Amino acid sequence: MPSNPSLRLIQVSDLHLGAGREHHLDNWRKVLAWVARERPDRVVVNGDLIMSDPDTDSDHAFARTQVDLLGVPTHYLPGNHDIGDNVRFGKMEQRVNADRLACFRRHYGEDRWSFSAAGWGFVGVNAQLFGSGGLPEEDDQWRWLESALREHGGRPIAFFLHKPLFLDHPGEGDHDDLTLRQSVIDAASRTRLLDLAHRFGIKLVSCGHKHQTRTFSLDGIYHFWGPATACVNSPPTALHWGTREVGFIDYRFCSDGTFDHRIVGADFLFRHENYVRKLADPSAH
């Protein structure tokens, strides 16, 4: 690791914690133990904190209690299971609305954020608001985002959100298949985000959602899909874009504009196969 001043930031994603339900909690306890040993500077929780249903208030309360056990400064972002899916481009029956967003903010205090450290800017946004079809909260976030990026004033920027920007290429259209369509940000929002990324110096985009690990660089931006701490999804025969593994990302950002990363946890977390649970009980999550 570089010796110059740095920030160690851990991204955990897709925790899928539920009140009174033990599955996935075993892995979260292992994450807590790792953080207690390693003591990173900050943690980003990158969406899907709760098991599945955004209207289950007890799951939100339980997830917040569990994340508080990290004991280090933590920043929250919502996923589709936390506040509902994107209005026009989602798949879940529940879609994001003002009430679900207010619930998330009540439990976690924020759904977007910006801060500076170690010569870098860090910005997190609510991916579920993109493609809303006119929700005022989406327009407000676009205004906030451009202002937040501008305030970082030429620093390299690490950008966090729940869903990937695209599957194969930034020029791809919105998919007809609902599962693929729900997997990523809609095409119009993606184009707008990438324009901002190039204008303001976003160097890294880090997401979750797909329960897969994937890293690549394109047009000067590094893209990271962080694995889930909870489980892997879909049977092994399904099409995957990344590695089916559990874990989280350990980043170190340095004041010279460089960064390092490693994927942690595949060697000590339980690699829960979520499709097995669903085959045994189709109503399970």
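Before any of the text, the structure's been laid out above.
A brief look at the structure comes next.

## Focus on the overall build of the chain
On a plain count of helices and strands, the chain comes out with 8 helices and 11 strands. Relative to its length of 285 residues, the chain is compact, with a C-alpha radius of gyration of 18 Å against a globular reference of 19 Å. Dimensions along the principal axes, computed over C-alpha positions, put the chain at roughly 50 × 45 × 40 Å. Per-residue burial for the chain yields a buried fraction of 56% across its 285 residues. Sequence separation of at least 24 residues holds for 70% of the intrachain contacts in the chain that already meet a minimum separation of 6. Computing the positive centroid from 32 side-chain charges and the negative centroid from 38, the chain places the two 3 Å apart.

## Some thoughts on the packing of helix H2 (residues 57-68) against helix H4 (residues 98-108)
Relative orientation of the contacting elements H2 and H4 amounts to 30 degrees, with a least axis distance of 10 Å. In this view, H2 runs roughly parallel relative to H4, as classed from their interaxial angle. Judged by the twist between their axes, the crossing of H2 over H4 is right-handed. Facing H2, whose interface residues are Asp57, His60, Ala61, Ala63 and Arg64, H4 presents Cys103, Arg106, His107 and Tyr108.

Cut-offs used in this document
Residues numbered from 1 in each chain as written. Predicted model: local features only at pLDDT ≥ 70, side-chain atom pairs only at ≥ 80, totals over all residues. Heavy atoms only, no water. Helix = DSSP H or I, 4+ residues; strand = E, 2+ residues; numbered from the N terminus. Rg over C-alpha atoms; globule rule 2.2 N^0.38 Å. Buried < 20%, exposed > 50% of the residue type's maximum accessible area, 1.4 Å probe, protein only. Contact = heavy atoms within 4.5 Å. Lys, Arg positive; Asp, Glu negative; His and termini not counted. Charge placed at Lys NZ, Arg CZ, Asp CG, Glu CD. Axes fitted to C-alpha atoms, helices over the stretch in contact; angles between N-to-C directions. Parallel < 35°, antiparallel > 145°, perpendicular 65-115°, else oblique. Left-handed = near helix turned anticlockwise from the far one by under 90°.

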